[in-house]
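Given next are the chains, with one letter for each unit.
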Amino acid sequence: MASSERIFVQAIRRYCAGHGIAVDVRAGGWLIAMHRGEARRFAFGYDIGLNSAIAHRLANDKSAAAELLALAGVPCIPHRLFLNPKLGSNVVDATWREAMLDLLRDNPQGVVVKPNEGTSGRSVFKVTTEAELDHAAGEVFSMSTGLVISPYVVIEDEVRVVLLEDAPRIVYSKQRGADWRHNLDAGAKPVLLQDGETRAACVKLAIDAARAIGIVFASIDVVRVNGCWRVLEINSGVMMEALAKLHPELVRATYDAALDRVFGEGGK
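Because the structure is a prediction, the values reported are computed rather than measured.

Overview of the side chain of histidine 79
Here histidine 79 lies in the loop between helix H3 (62–71) and strand S4 (80–83). A polar atom in the side chain of histidine 79 sits 2.8 Å from the backbone oxygen of isoleucine 77. At a separation of 3.3 Å, a polar atom in the side chain of histidine 79 contacts the side chain of lysine 114. If sequence neighbours within four positions are ignored, histidine 79 has contacts with Lys62, Ser63, Ala66, Lys114, Val148, Ile149, Ser150 and Leu232.

The following block contains the structure:
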């Protein structure tokens, strides 16, 4: 097993080796084929294959997920979608820039601009001026077919809940470093939450969010703003690279439980 491989790939290799499952790793570990007898399963990126196609797409689309959470009455941070003007006038309304400026005017504390599909905290911009908005939109549109704008809020706490079939497998807070974002890739540190009021509130909200879009295995980020918990986003691909450095056994057990579900109870 190559130590340079992602923890996700290592976990799948280890599980398959222990359960008599042949594994074929392709595309640098981003595509994995697993088979035992007649059963063939696949992992792609950080998606282990438990979620339906529609749940996966909804989770990866920040705007769609926020719309459905609001529809289900689940408190969340709104994300307004703007499609790339390069898609053409038949797709994109000519007033898209003015609509962006309206959002900026409505949120004097600023807005956050980021790609509509997940980037692990990359290409995320805090914007307070028209010039900053134009720069952020240009950067995101250069790499994405759509961006989302959400109001900038002061996040008092951020917690990630890893759910498998409504059961919380891992719950940890993200302790922010010098960066204004709570992303682990931006220097935040994961700290496991013990049983208590905060953990219970975050788990309940995460379960409500998962049920709202019908997702089975996901990591759900919830944030506390003005003392109230809201869903920030839902991640269909469960990435635990940073957490595995501190709690490898917990991460391994979580992927094992998910793979048990992929191949049947107990992996038998």
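What about the sheet that holds strand S5 (residues 111–115)?
Strand order in this open sheet of 4 strands is S4-S7-S5-S6, and the pairing throughout is antiparallel. The open sheet has two edge strands with one neighbour each: S4 and strand S6 (125–127). Pairs of neighbouring strands in the sheet enclose a mean axial angle of 30°, with direction left out of account. The sheet contact formed by S5 and S6 spans 3 bridges and is antiparallel. By the bridge assignment, valine 111 is partnered in S6 with valine 127.

Structural notes on the environment of phenylalanine 44
By secondary structure assignment, the location of phenylalanine 44 is in strand S3 (residues 39–44). The exposed category is assigned to phenylalanine 44, whose relative accessible area is 60%. Through-space distance from the C-alpha of phenylalanine 44 to that of proline 248 is 21 Å; in sequence the pair is 204 residues apart. Apart from the residues lying within four places of it in its own chain, the contact partners of phenylalanine 44 are Trp30 and Leu31.

Quick word on a nonpolar patch on the surface
Nonpolar side chains collect at one region of the surface, where Leu81, Leu83, Leu87 and Val91 lie side by side and expose about 300 Å² of accessible area between them. Counting through the fold element by element, leucine 83 comes out in strand S4. For leucine 83, a relative accessible area of 32% translates into the label partly exposed.

What counts, and at which threshold
- Residues numbered from 1 in each chain as written.
- Predicted model: local features only at pLDDT ≥ 70, side-chain atom pairs only at ≥ 80, totals over all residues.
- Heavy atoms only, no water.
- Helix = DSSP H or I, 4+ residues; strand = E, 2+ residues; numbered from the N terminus.
- Polar contact = N/O pair within 3.5 Å; in protein donor to acceptor, adjacent residues only side chain to side chain.
- Contact = heavy atoms within 4.5 Å.
- Pairing = 2+ DSSP bridges.
- Axes fitted to C-alpha atoms, helices over the stretch in contact; angles between N-to-C directions.
- Buried < 20%, exposed > 50% of the residue type's maximum accessible area, 1.4 Å probe, protein only.
- Patch = residues over 30% accessible without salt bridge, like charges linked within 9 Å, V, L, I, M, F, W, Y side chains within 5 Å.
- Areas by Shrake-Rupley, 256 points an atom, 1.4 Å probe, with all protein chains shown as cover.
- Salt bridge = Lys/Arg side-chain N within 4 Å of Asp/Glu carboxyl O.

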